[in-house]
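Letter by letter, the chains look like this.
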Amino acid sequence: MSYHLSARREFLRFLAASPLAAQALAQNPTGPYTPAYMAPASAKDALDVMDFEPLARKALPPAHWGYMATGVDDDLTLNMNREAFHHYQLRARRLVDVAAVDLKTEVLGVPWDMPIYISAVGSQRAFHPQGELATARAAKAKKAMQMLSTTTSTPVEEVAKALGRPPWFQLYMPPMWSETEKLVKRVEAAGCPVLVWTIDLLGGRNTETASRFARQDTRECLSCHATSPKAGANTSNMAGKPMLDGLSGAMNPPEATWAYVDRLKKLTKMKLILKGIDIGEDARLAREHGVDAVIVSNHGGRATETGRGTIDILPEVVDAVGPQFPVLVDGGFRRGSDIYKALAIGARAVGLGRAYIYGLSAFGQEGVERVLDILRDELTLTMRQCGTPTLAQITRASLLRNGTRI
Ligand code: GLV
């Protein structure tokens, strides 16, 4: 029997056994079939990254879910990060030998197994008891780079042990320079090779949806937190976090300027990346100030409201600094084809945030591993389908925006 016929027979058997699917077809016999959500029983049963999201929501208390999953004001930038991908289409080459696909790349002189990394998300013990350690073990198993947040619930020294090497460190800058020095020196002493200063959250924010979720939470926050998220989840004071031991807990000086970049560069031997570069002018300034790379990011839609999706920002930033300067990107990546689109525009690598936190919340280390596997496999498949088996072959020739070459 041909594969096609046996697959069709399998499908009909599945329909007969599935009252939900049969009902959906009966209601809309000619329209597209939208499968009912079936929660994966284990991490390996997840078919795509989105499969983890409802499980994460179920697993987490409302305040923790709300803190992680939502944006600012009306959540427009948050949603735009996802929506923007739908305006891009792939241009596929045919009859290219795609039997072997190579995802290897190099970032800041270091070889990476794939152009996908674990970006910083704070307070991971709010999502799973093993928090950042589970993430680090998954990153180690899947050979992914991990970036650790200043607001980590596990100290950098412990994460480095679980990861088998020091992570990149994402800096929320304390306003007092003496505290910045102390924090940066601690991170340097832990062996972190790269400092990633997050500059998109220096003006404050209004995490309204998170506050609404927090109000539904009946637990006593102050039994675990130094501050109560019910007062409005934000990152302006994070006393109690292990990387801020001995510091005041204040962060994100609104008076920061490019002079602070120069000061940071003088302070540390670590490579310096600016995270949250969202226009070409700033990308150029970053390069002029000797920064080693930039990350296009809108903080997962958690900072400036009514911004663009990061995939729409990327061309402007890549064009401003030229193809040799490393530009990384994060924001709403959930499919291998999303990652492919960013690589085609010129990103060196793509960071994951909520995608792996959903996996972590649902299944701990195994969930994070499965998210990394799914995205690696989907990216591999997209590279095959587009006739671009190496990263060097993925260029803007593989991409359209609203049907037009970019
Ligand atoms: C931390 O980075 C946050 O957005 O809350």
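Going along each chain's sequence as written, the residues are numbered from 1 onward. Given that this is a predicted model, residues contribute local features only at a pLDDT of at least 70 and side-chain atom pairs are listed and counted only at 80 or more, while totals for whole chains, interfaces and linings are drawn from all residues. By convention in this description, side-chain values take in all heavy atoms of the structure and omit both hydrogens and water.

Trainee: What am I meant to see in helix H13 (residues 336-345) here?
Mentor: One turn of the α-helix equals 3.6 residues, which is why residues spaced by three or four share an orientation. Within H13, nine of the ten residues are buried, which leaves the element mostly enclosed by the surrounding structure. Burial classification: accessible surface area is computed with a 1.4 Å probe over protein chains only, and a residue below 20% of its type maximum counts as buried, one above 50% as exposed, and the rest as partly exposed. Think of it this way: any DSSP run of H or I at least four residues long counts as a helix, any run of E at least two long counts as a strand, and we number them from the N terminus. Listed in full, the buried residues belonging to H13 are Gly 336, Asp 338, Ile 339, Tyr 340, Lys 341, Ala 342, Leu 343, Ala 344 and Ile 345. Downstream of H13 by a residue or two, Gly 346 has a phi angle that is positive, lying close to 130°.

Trainee: Help me understand the packing of helix H4 (residues 62-69) against helix H14 (residues 354-363) in this model?
Mentor: Angle between the axes and distance between the axes: these two values describe a pair of packed helices. Only the contacting stretch of a helix is used when fitting its axis, a line to C-alpha atoms as for every element, and angles between N-to-C directions run 0 to 180 degrees. Contact pair H4 / H14: the axes reach a minimum separation of 11 Å and the direction vectors enclose 160°. Judged on the interaxial angle alone, H14 and H4 are roughly antiparallel. Residues Trp 65, Met 68 and Ala 69 of H4 touch H14, and the partners they reach there are Arg 354, Ile 357, Tyr 358 and Ser 361. In terms of residue class, the contact of H4 with H14 is made up of five nonpolar, one polar and one charged. Orientation is classified from the angle alone, with under 35 degrees giving roughly parallel, over 145 giving roughly antiparallel, 65 to 115 giving roughly perpendicular, and any other angle giving oblique. We call two residues in contact when some of their heavy atoms are within 4.5 Å. Each residue gets one label: Ala, Val, Leu, Ile, Met, Phe, Trp, Tyr, Cys and Pro are nonpolar, Asp, Glu, Lys and Arg are charged, and the others, such as Gly, are polar.

Trainee: I keep staring at the nonpolar core and nothing clicks. Help me out?
Mentor: Nonpolar side chains tend to gather and get buried jointly when the protein is soluble and globular. Each nonpolar core is a collection of buried residues, namely Ala, Val, Leu, Ile, Met, Phe, Trp, Tyr and Cys, held together in the definition by side-chain atoms within 4.5 Å. Formed by 101 residues in total, the largest nonpolar core has its most connected members in Phe 127, Phe 169, Trp 197, Leu 264, Leu 314 and Leu 352. Excluding anything up to four places from it in sequence, Phe 127 contacts Leu 60, His 64, Tyr 67, Met 68, Val 121, Gly 122, Ile 357, Leu 360 and Ser 361. Counting 15 residues, the second largest nonpolar core, distinct from the first, contains Met 147, Val 196, Ile 295 and Leu 328.

Trainee: What should I look at first to understand the packing of aromatic side chains in this one?
Mentor: The geometry of two aromatic rings is summed up by the distance between their centres and the angle between their planes. Each Phe, Tyr or Trp ring, with Trp reduced to its six-membered ring, pairs with another whose centre is within 6.5 Å; inter-plane angles below 30 degrees give stacked pairs, above 60 give edge-to-face pairs, and intermediate values give tilted ones. Going through the model one piece at a time under the given rule, you end up with six aromatic pairs. Between the aromatic rings of Phe 52 and Phe 363, the centroid separation amounts to 6.1 Å while the plane-to-plane angle is 80°, which identifies the pairing as edge-to-face. Of this pair, Phe 52 sits in helix H3 (residues 52-59) while Phe 363 sits in helix H14, placing them 311 residues apart in sequence. Residue Phe 52 is classed as buried on the basis of its relative accessible area, which comes to 0%. Ring geometry for Trp 65 against Tyr 358: centres 5.8 Å apart, planes inclined by 25°, an arrangement best described as stacked. Here the residue Trp 65 occupies a position in helix H4, and Tyr 358 occupies one in helix H14, the gap between them amounting to 293 residues. Chaining the aromatic ring pairs together yields one cluster made of Trp 112, Tyr 117 and Trp 168.

Trainee: I'm lost on the environment of Val 194 in this one. Help?
Mentor: Summarising the element assignment, Val 194 is placed in strand S7 (residues 194-198). The exposure class of Val 194 is buried, given its relative accessible area of 4%. Here the alpha-carbon distance between Val 194 and Lys 269, two residues 75 residues apart in the chain, equals 8.9 Å. Not counting the four nearest positions on each side in its chain, Val 194 is found in contact with Leu 108, Trp 168, Phe 169, Met 270, Lys 271 and Ile 273.

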